[in-house]
Amino acid sequence: MPLSPQPRGSARSAAELNERIRGLWMRTGGRLSAEQRSEYEQLVTEWAAAVREEVVRAA
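Note that the structure is predicted; figures quoted are calculated from it, not measured.

The rules behind the values
- Once a new chain begins, its residue numbering starts again from 1 and follows that chain's sequence as written.
- Local features in this predicted model are restricted to residues of pLDDT 70 or higher, and side-chain atom pairs are both shown and tallied only at a pLDDT of 80 or more, whereas totals for entire chains, interfaces and linings draw on every residue.
- As a convention, hydrogens and water are excluded, and side-chain values are obtained from all of the structure's heavy atoms.
- Here a strand is any run of E in DSSP of at least two residues, a helix any run of H or I of at least four, and the numbering for each starts at the N terminus.
- Any helix carries an expected span of 1.5 Å times its number of residues minus one.
- Note on contacts: a residue pair is in contact if any heavy atoms of the two residues lie within 4.5 Å.
- Note on aromatic contacts: the rings of Phe and Tyr and the six-membered ring of Trp form a pair at centre separations within 6.5 Å, being stacked when their planes are under 30 degrees apart, edge-to-face when over 60 apart, and tilted otherwise.
- To sort residues, take the accessible area from a 1.4 Å probe on protein chains only and compare it with the maximum for the residue type: under 20% means buried, over 50% means exposed, and anything in between is partly exposed.

Engineer: Is there a simple way to think about helix 1 (residues 14–28) in this case?
Structural biologist: Each full turn of the α-helix corresponds to 3.6 residues, which orients residues three or four apart in the same direction. For helix 1, which comprises 15 residues, the first-to-last C-alpha distance of 21 Å matches the rise-based estimate of 21 Å (1.5 Å per residue) to within 8%. Considering only its buried residues, helix 1 is in contact with helix 2 (34–58).

Set out below in structure tokens:
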């Protein structure tokens, strides 16, 4: 199920996104279809943004 981009500032936490990424890999047994690859790429992009945002807030 494709994810819609989250507006900046209201993104999910890096921890939540990490859990979703792990769950995706677990559900697929480590083999992603093209649709799942797209979902994975969106999650990783959102996760990276969340990590950056958390680092900035901590600084």
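Engineer: Is there a simple way to think about the packing of aromatic side chains in this case?
Structural biologist: Given two aromatic rings, one states the distance between the centres and the angle between the planes to describe the pair. Applying the stated criterion across every chain, the model contains one aromatic pair. Relative to Tyr40, the ring of Trp25 has its centre 5.3 Å away and its plane inclined at 75°; by these criteria the two rings are edge-to-face. Note that Trp25 is positioned in helix 1 and Tyr40 in helix 2, a separation of 15 residues in sequence. Among the residues examined, Trp25 registers a relative accessible area of 28% and is labelled partly exposed. Overall, Tyr40 belongs to the partly exposed group, its relative accessible area being 21%.

What is shown is where atoms sit, not what they do.
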